[in-house]
Amino acid sequence: MIAAVDHVQLGASPGSEDVLRAYYGGVLGLTEVPKPPALAARGGCWFEAGPVAPHLGVEPGFRPSATAHPGLRVRDIDAFARRLEAHGAAVTWDDRLPGHRRFFAHDPVGNRLWFLEPTPDRTAPGAPQPADPDG
């Protein structure tokens, strides 16, 4: 039985670790965690903030997906969007998910990241939620 999501793996171009560290650590405020030595030789970098654990893995010939994305829940979404914009990220707001305010942005290698915050009118926890229209 599945109990939780342990981490989300996103792809990245070889040699992009420094810009990923600046973005995921500096802009998003996540903490980098050391990769186990046997995996560190592959490149990439891992981050976490509580139960959120994005891993960035180096992939020769990497091409970001047009639709795949993690959805990251944030607090004070307006301030978070301003933070990203202040660091040069383009923020695109979307109102198609009832009960949430959300926007997406791309990391430095082109991965799409959705940031969302439930609104007070969201249905009760545990109630079925509408599917993400982006799949």
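See the structure shown above.
Residues numbered from 1 in each chain as written. Predicted model: local features only at pLDDT ≥ 70, side-chain atom pairs only at ≥ 80, totals over all residues. Heavy atoms only, no water.

## Remarks on the nonpolar core
- Ranked by internal contacts, the top residues of the largest apolar core, which has 25 residues, are Tyr23, Tyr24, Leu28, Leu84, Phe103 and Phe115.
- Each residue touching Tyr23, except ones within four places of it in the same chain, is listed here: Leu28, Leu84, Ala105, His106, Asp107, Pro108, Leu113 and Phe115. (Core = buried A, V, L, I, M, F, W, Y, C linked by side-chain atoms within 4.5 Å. Buried < 20%, exposed > 50% of the residue type's maximum accessible area, 1.4 Å probe, protein only. Contact = heavy atoms within 4.5 Å.)

## Remarks on the pattern of salt bridges
- Taken as a whole and assessed by the stated rule, the structure comprises five salt bridges.
- Here Arg21 ties to Asp18 by a salt bridge, and the two come within 3.7 Å at their closest N and O atoms. Note that Arg21 and Asp18 are positioned in helix α1 (residues 17-27) at a spacing of three residues, about one turn of the helix.
- Given a relative accessible area of 31%, Arg21 falls into the partly exposed group.
- Note on Asp18: relative accessible area 61%, which makes it exposed. (Salt bridge = Lys/Arg side-chain N within 4 Å of Asp/Glu carboxyl O. Helix = DSSP H or I, 4+ residues; strand = E, 2+ residues; numbered from the N terminus.)

Function cannot be inferred from these measures alone, as they are strictly geometric.
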